[in-house]
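This is what each chain is made of:
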Amino acid sequence: DALPISEIEAILEEVNSDGSRVEFRYEAAVCGGIPVIRSLQSDFVGDEVSMISGIINGCTNFMLTAMDRDGKSYDEALAEASELGYAEADPTLDVGGFDARSKLKILMRLAYGIEVDEEEIDCRGITDLTTVDFDYAKKLGGTIKLLGVAERVEEGKIAAFVSPCYVTADDPLFAVIGATNAIEILSKNLQSSTYIGQGAGRFPTANSCINDIVALAKGDSSALPFNPSSGDQFVNDYQSTFFLRIKYEDKIGITRQCGEICEKHDVSIHSILQNPVTSRQDAAFVIITEKVSLNQIKAVCDEIKELDWCTEEVFYMPVLREDWMR
């Protein structure tokens, strides 16, 4: 298992206590060949990062591209990813979102100076996604990406999550397809900075490793490997517009019951979408909410799934941007 960041810092402090200049470099740890770690160490020192959002797992982005563009099922997309070597023999770390969560933790320390137990970061993978979700996403004019997101929700408070997200067609992350990785950093001075490239594979990863080795051999000195700690606090909740997909067995009063549950938890409904029903025993509709908290959505989903017409767990995902209706 990887050492916690605090332990790595303690080792470096001990080793360098006699005036040595031992450095720790790890560019390949996040997004393979994309130099995002070095950039966060040096290019945002005088800036203030407000949000990081990124496609930081190539396997899942390859699968979601196949589901969206080629109409493949989850199982078909996973089989293709495995055949091409993008997925491990046990793909749980990828498809469960856990690999992306580990990378997001590192990015949060670099961007916000905050160390979080990654088990506290809300993490949902792509295993519950279906072709129906992509049908509705296309109807809305966008697509679905598995993203790692960290955001300063208010002064001194940082929220983060890994989840499938609805992304609009004009978003910088919309056109990132296949096993490509991409990270967008929003900040006070630079506004929007986007890094796109190969996030996995032996050559992109080796390129980052060699760059680190050469920099050390040349005697280049980096800033602190993880940037200084801050007094910011992690909060395990965030607000967003949400997409809810509900599978049901057709009965009278479904819309009314959903509305009553949403009203009970102060969740305002923006719109309800429903494709033509081909089977009354296996149909689905989508609710788009106004901006609400994750905990409110979880409460709504938990209550809806207990209704006799709801045939499985309610799937939910955040909409990435507040201005998604442009």
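Whatever comes next refers back to the structure up there.
Treat the numbers as computed from the prediction; the structure is a model and nothing was measured. (Residues numbered from 1 in each chain as written. Predicted model: local features only at pLDDT ≥ 70, side-chain atom pairs only at ≥ 80, totals over all residues. Heavy atoms only, no water.)

## Some details on the overall build of the protein chain
Right, so step 1: Each helix and strand in the protein chain was counted, giving 10 helices and 13 strands.
Right, so step 2: Relative to the compact-globule value of 20 Å for 326 residues, the protein chain shows a C-alpha radius of gyration of 21 Å, a close match.
Right, so step 3: If you line up the protein chain on its principal axes, its C-alpha atoms span 75 × 45 × 35 Å.
Right, so step 4: When burial is assessed residue by residue, the protein chain has 50% of its 326 residues classed as buried.
Right, so step 5: A sequence separation of at least 24 residues applies to 74% of the contacts in the protein chain between residues at least 6 apart.
Right, so step 6: If you sum the accessible surface of the protein chain, you get close to 15500 Å²; carbon and sulfur atoms cover 49% of it.
Right, so step 7: Between the mean site of the 29 positive side-chain charges and the mean site of the 55 negative ones, the protein chain shows a separation of 4 Å. (Helix = DSSP H or I, 4+ residues; strand = E, 2+ residues; numbered from the N terminus. Rg over C-alpha atoms; globule rule 2.2 N^0.38 Å. Buried < 20%, exposed > 50% of the residue type's maximum accessible area, 1.4 Å probe, protein only. Contact = heavy atoms within 4.5 Å. Areas by Shrake-Rupley, 256 points an atom, 1.4 Å probe, with all protein chains shown as cover. Lys, Arg positive; Asp, Glu negative; His and termini not counted. Charge placed at Lys NZ, Arg CZ, Asp CG, Glu CD.)

## So, the layout of surface pockets
Right, so step 1: Of the volumes computed, that of the largest pocket is approximately 480 Å³.
Right, so step 2: In terms of lining, the largest pocket is formed by 23 residues, of which the most central are Gly 58, Lys 103, Gly 199, Ala 200 and Gly 201.
Right, so step 3: Looking at the lining of the largest pocket, the elements with two or more residues in it are helix H3 (58–69), helix H5 (92–95) and helix H6 (98–112).
Right, so step 4: Across the lining of the largest pocket, the residue classes break down as 10 nonpolar, nine polar and four charged. (1 Å grid on protein atoms, 1.4 Å probe; cavity = no way out; pocket = protein on both sides within 12 Å on 5 of 7 lines; lining within 4 Å. Points joined across faces, edges and corners; volume = space filled by probe spheres on them. Nonpolar A, V, L, I, M, F, W, Y, C, P; charged D, E, K, R; others polar.)

## Structural notes on the packing of aromatic side chains
Right, so step 1: Tallied over the entire structure, the rule returns six aromatic pairs.
Right, so step 2: Here the aromatic rings of Phe 62 and Tyr 86 are separated by 4.8 Å at their centres, their planes lie at 45 degrees, and the arrangement is tilted. With a gap of 24 residues between them, Phe 62 in helix H3 and Tyr 86 in the loop between helix H4 (74–83) and H5 connect regions that are remote in the sequence.
Right, so step 3: A relative accessible area of 13% means that Phe 62 is categorised as buried. (Phe/Tyr/Trp six-rings, centres within 6.5 Å; stacked < 30°, edge-to-face > 60°.)

Everything listed here is a matter of coordinates, which is why it stays silent on function.
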